[in-house]
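Close look at the chain arrangement
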Amino acid sequence: AASTSRWTLEMGGHDHVTLRAAAEGTLRERRPLTLLRQSSTYELSRRGINIAVQLKLDVHGEPLQRVAVKLESPARLVAARYGELQIPFAVAKNVETGESHVVLQLPEPVTGTGRVLQLSAIAPLEIGKRLRLPSLRPEGMAWQEGTATLLIPQQLVLAQLATDGCRQSRI
């Protein structure tokens, strides 16, 4: 029909898509849209795992005042920064799943591109046992890309690496 539009989406090898249809009159409202690029570094040592996560946010539409993050057990968030400022956060732990839900309170409403949050977490390391690296997953954002770096000292050996939904790019 003349009032029908046809769209072709090229997925680039990805099979997960979120589509939202809305009535034409509601499209004029400012909707929150935050695009996310995430970089995680896992530094292993005999004492445990230090996790450093950098979240690069492009905030379009409504300004962002809080950031919600799921943190897998047994990791624990120890610090959060926005630029040079330490920012407060509240943690609620789900006893059944072991996940922590963290809410980061930004010092001011944030909008625009290239906004950077830096999170620091720690987790125990049981040497000789299989380990699933704990993840920090921001909620309510459109994830664009991410990298993870493993730093392993010479005293430890990586015996096996199994990836899921990603690929190893270098050693």
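Look up a bit, the structure's there.
Residues numbered from 1 in each chain as written. Predicted model: local features only at pLDDT ≥ 70, side-chain atom pairs only at ≥ 80, totals over all residues. Heavy atoms only, no water.

Comments concerning the overall build of the chain
Each helix and strand counted, the chain has 0 helices and 8 strands in total. Taken from N to C terminus, the helices and strands of the chain fall in the order β-β-β-β-β-β-β-β. Seen along its three principal axes, the alpha-carbon backbone of the chain occupies a region of about 65 × 40 × 35 Å. Sequence-distant contacts, at least 24 apart, represent 73% of the contacts inside the chain between residues at least 6 apart. (Helix = DSSP H or I, 4+ residues; strand = E, 2+ residues; numbered from the N terminus. Contact = heavy atoms within 4.5 Å.)

Brief notes about the nonpolar core
For soluble globular proteins, the rule of thumb is that nonpolar side chains tend to be buried together. Counting residues in each nonpolar core, the largest one holds 30 residues, and the members touching the most others are Ile51, Leu57, Val67, Leu104, Leu117 and Leu119. When residues of this core are traced back to their parent elements, those giving at least two are strand S1 (33–45), strand S2 (48–71), strand S3 (76–82) and strand S6 (100–123). Of the residues forming this core, the biggest block, 10 residues, is contributed by S2. Beyond its immediate sequence surroundings of up to four residues, leucine 119 is in contact with Ile51, Ala52, Val53, Leu55, Val69, Leu77, Ala79, Ala80, Leu104 and Leu136. (Core = buried A, V, L, I, M, F, W, Y, C linked by side-chain atoms within 4.5 Å. Buried < 20%, exposed > 50% of the residue type's maximum accessible area, 1.4 Å probe, protein only.)

Quick look at the environment of arginine 66
Inspection of the secondary structure assignment puts arginine 66 in strand S2. Arginine 66 gets classed as partly exposed once you look at its relative accessible area, which sits at 49%. Counting along the chain gives 64 residues from arginine 66 to arginine 130, while the straight-line C-alpha distance between them is 35 Å. Arginine 66 has contacts with Val103, Leu104, Gln105 and Leu106, leaving out every residue within four places of it along the chain. A distance of 3.2 Å separates polar atoms of two side chains, one belonging to arginine 66 and the other to glutamine 105. (Polar contact = N/O pair within 3.5 Å; in protein donor to acceptor, adjacent residues only side chain to side chain.)

Re the layout of surface pockets
A probe as big as a water molecule, rolled over the atoms, marks out the empty space that is left. By volume, the largest pocket amounts to about 2,600 Å³. Lining of the largest pocket is provided by 50 residues; of these, Leu133, Ala148, Leu161, Thr163 and Cys166 occupy positions nearest its centre. Here the lining of the largest pocket is built from residues that sort into 23 nonpolar, 15 polar and 12 charged. (1 Å grid on protein atoms, 1.4 Å probe; cavity = no way out; pocket = protein on both sides within 12 Å on 5 of 7 lines; lining within 4 Å. Points joined across faces, edges and corners; volume = space filled by probe spheres on them. Nonpolar A, V, L, I, M, F, W, Y, C, P; charged D, E, K, R; others polar.)

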